[in-house]
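Chains, contacts and geometry: an overview
Residue strings, one per chain:
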Amino acid sequence: MKRFLQLSPVIIFLILLLRFQIYDILIHNFGVCSTATLANTTRSIKYKRETMLYKFRKNQKIYEGDSGIEYDSSKIGTKICVKYLSLFPSITQPINQSISLKLDDCNCNIY
């Protein structure tokens, strides 16, 4: 038990450091496909281009995420395919941003 308590800060640090890679693995293996709509909301990070957010509904709640698509007002309302974890729908990823996910993995019927 004492050994575990000594290692717990290291384990927590590694989990925080690798959380996005862990999310990718979980979404790839256990993710559920859904369609999302590009919204008229953007996210911008200092020195980076403004990107559009997407929204989708699950269990009467709206979730959103960064699409990675550069802002273009003509794309508002466009459907995109996303994968999310059914237990934690806030952990989501658009298919176009993932290296391991391909549109063939989902049957979103957006095209």
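Just so it is clear, the model here is predicted, and its values are computed rather than measured.

Rules used throughout
Residues numbered from 1 in each chain as written. Predicted model: local features only at pLDDT ≥ 70, side-chain atom pairs only at ≥ 80, totals over all residues. Heavy atoms only, no water. Helix = DSSP H or I, 4+ residues; strand = E, 2+ residues; numbered from the N terminus. Buried < 20%, exposed > 50% of the residue type's maximum accessible area, 1.4 Å probe, protein only. Contact = heavy atoms within 4.5 Å. Areas by Shrake-Rupley, 256 points an atom, 1.4 Å probe, with all protein chains shown as cover. Patch = residues over 30% accessible without salt bridge, like charges linked within 9 Å, V, L, I, M, F, W, Y side chains within 5 Å. Salt bridge = Lys/Arg side-chain N within 4 Å of Asp/Glu carboxyl O. Phe/Tyr/Trp six-rings, centres within 6.5 Å; stacked < 30°, edge-to-face > 60°. pLDDT = per-residue confidence, 0-100. Pairing = 2+ DSSP bridges. Axes fitted to C-alpha atoms, helices over the stretch in contact; angles between N-to-C directions.

Time to look at the overall build of the chain. A tally of regular secondary structure across the chain gives two helices and five strands. Helices and strands in the chain line up, N terminus first, as α-α-β-β-β-β-β. Within the chain, buried positions represent 29% of all 111 residues. Taking as baseline every contact in the chain between residues at least 6 positions apart, the subset at least 24 positions apart corresponds to 48%. A total of about 8100 Å² of accessible surface is found on the chain, and carbon and sulfur atoms cover 57% of it.

Turning our attention to a nonpolar patch on the surface. Residues Leu7, Val10, Ile11, Phe13, Leu14, Ile15, Leu17, Leu18, Ile22, Leu26 and Phe30 make up a contiguous nonpolar surface patch of about 970 Å² in total accessible area. With seven residues, helix α1 (residues 2-17) is the single largest residue contributor to the nonpolar patch. Within the element layout of this structure, Phe13 appears in helix α1. The class for Phe13 is exposed, based on a relative accessible area of 51%.

Right, let's talk about the packing of aromatic side chains for a bit. Across all of its chains, the model carries two aromatic pairs by this definition. Cluster of aromatic residues (ring-pair linked, three or more members): Phe56, Tyr63 and Tyr84.

Next up on the list: the confidence of the model for the chain. Low-confidence regions, as indicated by low pLDDT, have predicted coordinates that should not be scrutinised in detail. For the chain, per-residue confidence averages 81 on the pLDDT scale, and 85% of positions sit at 70 or higher. Ranking the elements of the chain by mean pLDDT puts α1 last, at 80, and strand β2 (residues 51-58) first, at 90.

Moving on, we get to the sheet that holds β2. One open sheet accounts for five strands, arranged β3-β2-β1-β4-β5; its pairing is antiparallel. Looking at which strands have only one partner, the edges of the open sheet turn out to be β3 (61-70) and β5 (92-94). Ignoring strand direction, the axes of neighbouring strands in this sheet form an average angle of 40°. Along the sheet, helix α2 (residues 19-30) makes contact with β1 (31-43), β4 (79-85) and β5, crossing β4 at roughly 105°.

Glycine aside, a negative phi is what most residues show, and trans is what most peptide bonds show. The residue Asn59 is not glycine, and still its phi comes out positive at about 50°. Looking at the element boundaries, Asn59 is found in the loop between β2 and β3. Judged by relative accessible area, Asn59 falls into the exposed class, the value being 64%. The backbone of Gln60 sits at a positive phi, close to 65°, despite the residue not being glycine. With respect to the helices, strands and loops of the structure, Gln60 is situated in the loop between β2 and β3. A relative accessible area of 71% means that Gln60 is categorised as exposed.

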